Amino acid sequence: AEFESQRKAVKSEVMTPYEHFESVYKECISTPYKKADSALKSKIEAIEQGLKQEKHDKSKAYFNEYAQTLGIDFVKYEQVGLSITMTVTLKKLRETIKAFLDKVMDDIKLIAVQEHKDEILYEYKQTLNVSAAITSVTERYKAIEAERARAEAEKTEREKAELNEQATLNEYEPFEANVAVEVAPPEEKPHINQTDEKVFSLTFTVY
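These numbers come from a predicted model, not from an experiment.

Q: Help me understand the packing of helix α3 (residues 117–127) against helix α4 (residues 130–169), please; the structure alone is not making it clear to me.
A: For any two helices packed against each other, one specifies the inter-axial angle together with the distance between the axes. Direction vectors running N to C along α3 and α4 enclose 135°, while the axes themselves pass 8 Å from each other. Here α4 runs oblique to α3, going by the angle between their axes. As α3 runs across α4, the sense of the crossing is right-handed. Contacts from Glu119, Ile120, Glu123 and Tyr124 of α3 reach α4 at Val130, Ala133, Ile134, Ser136, Val137, Arg140 and Tyr141. When grouped by side-chain class, the residues that make up the contact of α3 with α4 number 7 nonpolar, 1 polar and 3 charged.

Q: Can you help me understand the confidence of the model for the protein in this one?
A: Detailed reading of predicted coordinates is not advised where the pLDDT is low. With 87% of its residues at a pLDDT of at least 70, the protein reaches an overall mean of 87. Considering each helix and strand of the protein separately, the mean pLDDT is smallest for α4, with a value of 88, and largest for helix α2 (residues 90–112), with 95.

Q: Sorry, what's going on with the packing of helix α1 (residues 2–70) against α2 here?
A: Taken N-terminus to C-terminus, the directions of α1 and α2 make an angle of 30°; their axes are 10 Å apart at the nearest point. Here α1 is positioned roughly parallel relative to α2, judged by the angle of their axes. Between α1 and α2 the crossing geometry is right-handed. When α1 is examined against α2, the residues Lys55, Lys58, Ser59, Tyr62, Phe63, Tyr66, Ala67 and Leu70 are found in contact with a partner set consisting of Leu90, Leu93, Arg94, Ile97, Lys98, Leu101, Asp102 and Met105. The class makeup of the residues in the contact of α1 with α2 is 10 nonpolar, 1 polar and 5 charged.

Reading guide: rules and limits
Residues numbered from 1 in each chain as written. Predicted model: local features only at pLDDT ≥ 70, side-chain atom pairs only at ≥ 80, totals over all residues. Heavy atoms only, no water. Axes fitted to C-alpha atoms, helices over the stretch in contact; angles between N-to-C directions. Helix = DSSP H or I, 4+ residues; strand = E, 2+ residues; numbered from the N terminus. Parallel < 35°, antiparallel > 145°, perpendicular 65-115°, else oblique. Left-handed = near helix turned anticlockwise from the far one by under 90°. Contact = heavy atoms within 4.5 Å. Nonpolar A, V, L, I, M, F, W, Y, C, P; charged D, E, K, R; others polar. pLDDT = per-residue confidence, 0-100.

This is how it looks when you write it as structure tokens:
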């Protein structure tokens, strides 16, 4: 117990100067440094944001100018997918924009020689994927043609079946009538012998 008591006393004597030093350290160094560091980070961030915004504005102005020169009015600046950082240069951003718009122009030229160019261009404007647009429209027209062919085949089969049915109904054994038939001239009534008890008029059709 005595030794433990002495240990605590020694510790207290050793720790007292350190605790005083730590208090002074926090007051004079640690706390001011943290405040200065936080303020400096805020200023740096504000400056960086300003520089990035300047790159954004200049690159967007270049995009609008070059797109207008090419006659492209359906592509947005955001679709280029630029990554504006502190290290990227304005020259690099302009090169990326030019390559993007040149590709769009090449896609438009390719679409112009396609069979269904209007439909393909509409699809292309939604995704800016020329191969997907051409494939989509081509498959659509193939499906339409297949459906039209199927409908025509069904119509032909129905007509053929109707003709066969009609031919079956019209089948009969040929015969010759043994009764002489006198046909009255047009617009004239048949002569009736008044001496006969009864006279009948009969009309029929022979195929």
